[in-house]
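Each chain is listed here by its residues.
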Amino acid sequence: MNVLAFLPEWVEPVVRYMATEGLKGTAVIAAESVAASAVIGVLLGTLMTLDSRPLRGAIRLYIEIWRGLPLIVTIFVIFFVLPTAEIRFSAIQAAAVALSLWGSAQVAEATRGAVQSIPREQHEAASALGFGWLGRHVFVIVPQALRRLLPPMVSLLVNVIQNSTLAGLIGAVELLFAAKIQVERIAGPPPAGLAQVHAVEIYGGLMIVFFAISFPLTRLAAYLEKRLV
Amino acid sequence: MTLLASIDWQFLWEHRSEFVDGLENTLKVSAIGIAGAFGIGLVLGAARAHRIPVVSQLAAIYVELVRNTPLLVQVFLLFFGLPQAGIRLDSFGAAWIAVTIWGGAFNTENFRAGFEAVPARYREGAYALGFDPLRAFVNVTLPIGGRIALPSSINTYVSILKNTAILGPAISFPELTYQAYSLDSTYFKAVEIYVLLAVVYLVIVWTLSLAIRLLESRLALPGQT
């Protein structure tokens, strides 16, 4: 029944810790960042199609800053600089905020393209029915654009899951940091440790876990890309 | 404005050498990674596009494995895992190998797509003129496909540079981000240090993006915009 019973004794507590603590951290970061990226990104991307130079310029600046910075630098700025202005985040939340800034920039860029790809007739028909700019976009244009946003959103999910490992570098317990904790515990002296090195097995196993999550999703993104466009 | 006024410029000036050292290491590892990624991408991309048996399949596995796992896990496996197998890398070795493997996988895809976009009749024309497959590749597929692959491959090179930023915090390789981090842990000047760090990265990345756009328009295939 239990596959773990066939493996060496040290495996079970490691898997249990990573599946509970580690996976929880990764899931929280990924869920929060994808949700925030989608909402902020679609909003900014839609606003970018407005005919206002200052607004477009401001959103363009937002996109270029958060896409241009290495993610770890954004994480450090949020985790180490903002506390000087009395804005404090936990390590998990700091990573989620950084990933949301980066992700929303990606989504905004994709949304702008998707919204602009909706034919002019759709705007005209909605206007003829008495919709203003807001109603036209909320009820007619953006819902159609969302279909074309599906493939980039799946890719975003993959990227966010993979990049959530950076949270471990500021001490957030996600999958990679949980793995590191276990590698170091086992390498330590008994009773907590076993004075054994199992870095290859643990990091290699983690790589397989990430592959098993990411590969189907990248295939799905490629499939949706083909079907929807 | 109050933020600007409160910045301790003196501090940054006194510690400029730490930043310069970090920048040097960042650029050094990026340069190796970019050169390596170019070589790997060229060879494996050609093997993929021409469906060379065995090499093509192995390259596909390599690409999928790298693209579907976090770079940080790859770095950890190289730096903390390999010693278990008796292979000990210093942080510089693990750093350049990691970004080369990572960039090579993405670049293989870039070049594959570029080479496959070259119409088959161009190659057939070369064969008809008596070119052997290697000459046809070097003289026809490479110049055309390489230029098609240029924008996406340069994006990969910029990503390589940005990705070197995780190497310091992960394996203590003294690149720019690591230097910033260790300065902050000694002097607690987070605002000065990280704002400067962000500005330096933005200047590099934005300059590169601008250069890319200029290069793209100069190297664009005639008849394309």
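Here, residues in each chain are numbered from 1, in the same order as that chain's written sequence. The lettering of chains begins at A and the numbering of ligands begins at 1, in the order of writing. Reporting of local features is limited, given that this is a predicted model, to residues whose pLDDT is at least 70; pairs of side-chain atoms are given and counted only at 80 or more, and all residues count toward the totals for whole chains, interfaces and linings.

*Asks:* I'd like a description of the overall build of chain B, backed by residues and values.
*Replies:* Each helix is a run of DSSP H or I of at least 4 residues and each strand a run of E of at least 2, with the numbering of both proceeding from the N terminus. For chain B, the count of helices and strands is 11 helices and 0 strands. Mapped in sequence order, the helices and strands of chain B form the string α-α-α-α-α-α-α-α-α-α-α. Summarising its shape, the C-alpha atoms of chain B cover approximately 70 × 50 × 25 Å along the three principal directions. Any residue with 12 or fewer other C-beta atoms within 10 Å of its own C-beta is exposed, any with 20 or more is buried, and the rest are partly exposed; the C-beta atoms used are placed from the backbone. Buried positions account for 41% of the 225 residues belonging to chain B. Whether two residues are in contact depends on their C-beta atoms, placed from the backbone: they are in contact if these lie within 7 Å. Across chain B, every contact between residues at least 6 apart in sequence was considered, and the portion connecting residues at least 24 apart equals 75%.

*Asks:* Describe the overall build of chain A, and please don't skip the residues or the numbers.
*Replies:* Within chain A one finds 8 helices and 0 strands. What you see for chain A is a C-alpha radius of gyration of 22 Å, clearly larger than the 17 Å of a compact globule of 229 residues, by over 25%. Structurally, chain A occupies a C-alpha span of about 75 × 50 × 25 Å along its principal axes. Counting across all 229 residues of chain A, residues that qualify as buried make up 43%. The long-range fraction of contacts in chain A, counting pairs at least 24 apart against all pairs at least 6 apart in sequence, stands at 75%. Our radius of gyration looks at C-alpha atoms and nothing else; its globule reference is 2.2 Å times the residue count to the power 0.38.

*Asks:* Provide a residue-level description of helix α3 (residues 16–49) of chain B, including the pertinent values.
*Replies:* Along its 34 residues, α3 of chain B runs 47 Å from first to last C-alpha, staying within 8% of the 50 Å computed at 1.5 Å per residue. Looking one or two residues beyond α3 of chain B, the residue adopting positive phi is Arg-51 of chain B, at roughly 50°. One less than the residue count of a helix, multiplied by 1.5 Å, gives the span that helix is expected to have.

*Asks:* Which residues make up the interface of chain A and chain B, and what values do they have?
*Replies:* With 31 residues of chain A at the contact, the number on the chain B side is 30 residues. Put simply, the parts of the chain that give the side of chain A that touches chain B at least two residues each are α2 (53–68), α3 (71–81), α6 (133–163), α7 (175–187) and α8 (199–228) of chain A. Here the side of chain A that touches chain B is composed, by residue class, of 22 nonpolar, 8 polar and 1 charged. Residue polarity follows a fixed list, in which Ala, Val, Leu, Ile, Met, Phe, Trp, Tyr, Cys and Pro are nonpolar, Asp, Glu, Lys and Arg are charged, and the others, Gly among them, are polar.

*Asks:* Lay out the nonpolar core in plain terms, naming residues and giving numbers.
*Replies:* For this entry, the nonpolar core is defined as buried Ala, Val, Leu, Ile, Met, Phe, Trp, Tyr and Cys residues connected by C-beta atoms within 7 Å. Core analysis: the largest hydrophobic core is formed by 124 residues, its most contacted members being Ile-75, Ala-95, Ala-98, Tyr-203 and Leu-206 of chain A together with Val-75 and Ala-98 of chain B. Counting residues per element, this core draws most heavily on helix α4 (residues 91–116) of chain A, at 16 residues. When residues no more than four places from it in sequence are discounted, the contact partners of Ala-98 of chain A are Leu-71, Thr-74, Ile-75 and Ile-78 of chain A.

*Asks:* Now, about the environment of Glu-64 of chain A: what can you tell me, with residues and values included?
*Replies:* As for its position among the elements, Glu-64 of chain A is in helix α2. Residues Glu-64 of chain A and Trp-102 of chain A lie 38 residues apart in sequence; the distance between their C-alpha atoms is 9.6 Å.

*Asks:* Requested: an account of α6 of chain A, with residues and values cited.
*Replies:* An ideal rise of 1.5 Å per residue puts 45 Å on 31 residues; α6 of chain A reaches only 37 Å between its terminal C-alpha atoms. Each residue is assigned a bend, namely the angle between axes fitted to the seven residues that terminate at it and the seven residues that start at it. At Leu-149 of chain A, α6 of chain A is deflected by roughly 45°, the largest bend along its length, and proline Pro-151 of chain A occurs up to four residues later in sequence.

*Asks:* Summarise unusual backbone geometry; cite the residues concerned and give the values.
*Replies:* Residues and elements named next belong to chain B. The phi torsion at Val-54 lies on the positive side, around 65°, for a residue other than glycine. Its identity as a non-glycine residue notwithstanding, Ser-172 has a phi of 60°, on the positive side. Residue placement: Ser-172 occurs in the loop between α9 (167–171) and α10 (176–187).

*Asks:* So, the packing of helix α5 (residues 120–128) of chain A against α6 of chain A: which residues are in play, and what are the values?
*Replies:* Helices that pack against each other are described as a pair by the angle of their axes relative to one another and the distance between those axes. Residue and element names in this part refer to chain A. A fitted line through C-alpha atoms serves as each axis, taken over the contacting stretch for helices, and the angle formed by two N-to-C directions is quoted from 0 to 180°. Following both chains from N to C, one finds α5 and α6 inclined at 155°, their axes separated by 10 Å at the closest point. In terms of their interaxial angle, α5 and α6 are classed as roughly antiparallel. At the point where α5 passes α6, the crossing takes the right-handed sense. Between α5, through Gln-122, His-123, Ala-126 and Ser-127, and α6, the contact on the second element is made entirely by Arg-136, Val-140, Ile-141 and Gln-144. With respect to orientation, any angle under 35 degrees is reported as roughly parallel, any angle over 145 as roughly antiparallel, any angle of 65 to 115 as roughly perpendicular, and every other angle as oblique. Each helix crossing is assigned a hand: it is left-handed if the near helix lies turned anticlockwise from the far helix by less than a right angle, otherwise right-handed if that turn is clockwise.

*Asks:* Go over the packing of helix α7 (residues 120–128) of chain B against helix α8 (residues 133–163) of chain B, please, and point to the residues and values.
*Replies:* Residue and element names in this part refer to chain B. The interhelical angle for the contact between α7 and α8, taken along N-to-C directions, is 160°, at an axis separation of 10 Å. One way to sum up the angle between α7 and α8 is to call them roughly antiparallel. Here α7 runs over α8; the crossing is right-handed. Here Tyr-122, Arg-123, Ala-126 and Tyr-127 of α7 lie close against α8, whose contacting residues are Ala-136, Asn-139, Val-140, Thr-141 and Ile-144. Among the residues making up the contact of α7 with α8, the classes are represented as 6 nonpolar, 2 polar and 1 charged.

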